[in-house]
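What follows is each chain in one-letter form.
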Amino acid sequence: MPGDKLTKAEIIENIYPKVKVSKKNIHRILDLFFQEVKAGLLKDQIIELRGFGTFEIKTRKGRKARNPKTGESVVVTDHGVAIFRPGRELKNKVWILRE
């Protein structure tokens, strides 16, 4: 069903029976993994995970925009945006989910 969430705690629970590692250590490993991904992105590195996808920072050009609450016109400067591009394998498997 669309909209369901999979939390980090649930991921840990799903991994736990498959490995001989404590939940605490699985949690630590996941946290370290995420720290490495964040650190790489902050160094403007491309994070490529074969069979899964690629994380990278793209520059979004500045533009004029409008504050939706006030209607006031504002200027948005150039800024970085973290993006994810799924790998071919993931893309092909996800494609059929919404057919």
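Keep in mind it's a predicted model, so treat the numbers as computed, not measured. (Residues numbered from 1 in each chain as written. Predicted model: local features only at pLDDT ≥ 70, side-chain atom pairs only at ≥ 80, totals over all residues. Heavy atoms only, no water.)

A. Focus on the overall build of the protein chain. When you go through the protein chain residue by residue, the secondary structure sums to three helices and five strands. When the helices and strands of the protein chain are listed from N to C terminus, the series reads α-α-β-β-β-β-β-α. The C-alpha atoms of the protein chain give 19 Å as radius of gyration, which overshoots the globular expectation for 99 residues (13 Å, by more than 25%). The principal-axis extents of the C-alpha atoms in the protein chain amount to approximately 55 × 40 × 30 Å. Residues counted as buried form 13% of the 99 residues belonging to the protein chain. Counting only contacts in the protein chain whose residues sit at least 6 apart along the sequence, the fraction spanning at least 24 positions is 29%. Computed over 22 positive and 12 negative side-chain charges, the separation of the two mean positions in the protein chain equals 1 Å. (Helix = DSSP H or I, 4+ residues; strand = E, 2+ residues; numbered from the N terminus. Rg over C-alpha atoms; globule rule 2.2 N^0.38 Å. Buried < 20%, exposed > 50% of the residue type's maximum accessible area, 1.4 Å probe, protein only. Contact = heavy atoms within 4.5 Å. Lys, Arg positive; Asp, Glu negative; His and termini not counted. Charge placed at Lys NZ, Arg CZ, Asp CG, Glu CD.)

B. A look at the pattern of salt bridges. Within this structure, the stated rule accounts for five salt bridges. Among the salt bridges present, the one from lysine 23 reaches glutamate 13, with a minimum N-O distance of 2.9 Å. Of this pair, lysine 23 sits in helix H2 (residues 23-42) while glutamate 13 sits in helix H1 (residues 8-15), and the two are ten residues apart along the sequence. Residue class for lysine 23 comes out partly exposed when judged on its relative accessible area of 34%. One salt bridge in this structure joins lysine 93 and glutamate 89, with 3.7 Å as the shortest N-O distance. Of this pair, lysine 93 and glutamate 89 both sit in helix H3 (residues 88-95), four residues apart, which is roughly one turn of the helix. (Salt bridge = Lys/Arg side-chain N within 4 Å of Asp/Glu carboxyl O.)

C. Inspection of unusual backbone geometry at higher detail. At aspartate 44, a position not held by glycine, the phi torsion is positive, near 65°. Residue position: aspartate 44 is located in the loop between H2 and strand E1 (47-49).

D. Quick look at H2. Helix length check: H2 (20 residues) gives 28 Å between terminal C-alpha atoms against 28 Å at 1.5 Å per residue, within 8%. Listed as buried for H2 are Ile26, Leu30, Val37, Gly40 and Leu41. Each buried residue of H2 lies within a common arc of 105° when the element is viewed along its axis, so the set occupies one face. Among the exposed residues of H2, those pointing more than 90 degrees away from its buried face are Lys24, Glu36, Lys38 and Leu42. The inward-facing, buried residues of H2 contact H1, E1 and strand E2 (53-60). (Expected span 1.5 Å × (residues − 1). Arc of directions from axis to C-beta.)

Any functional reading would require information that these geometric values do not contain.
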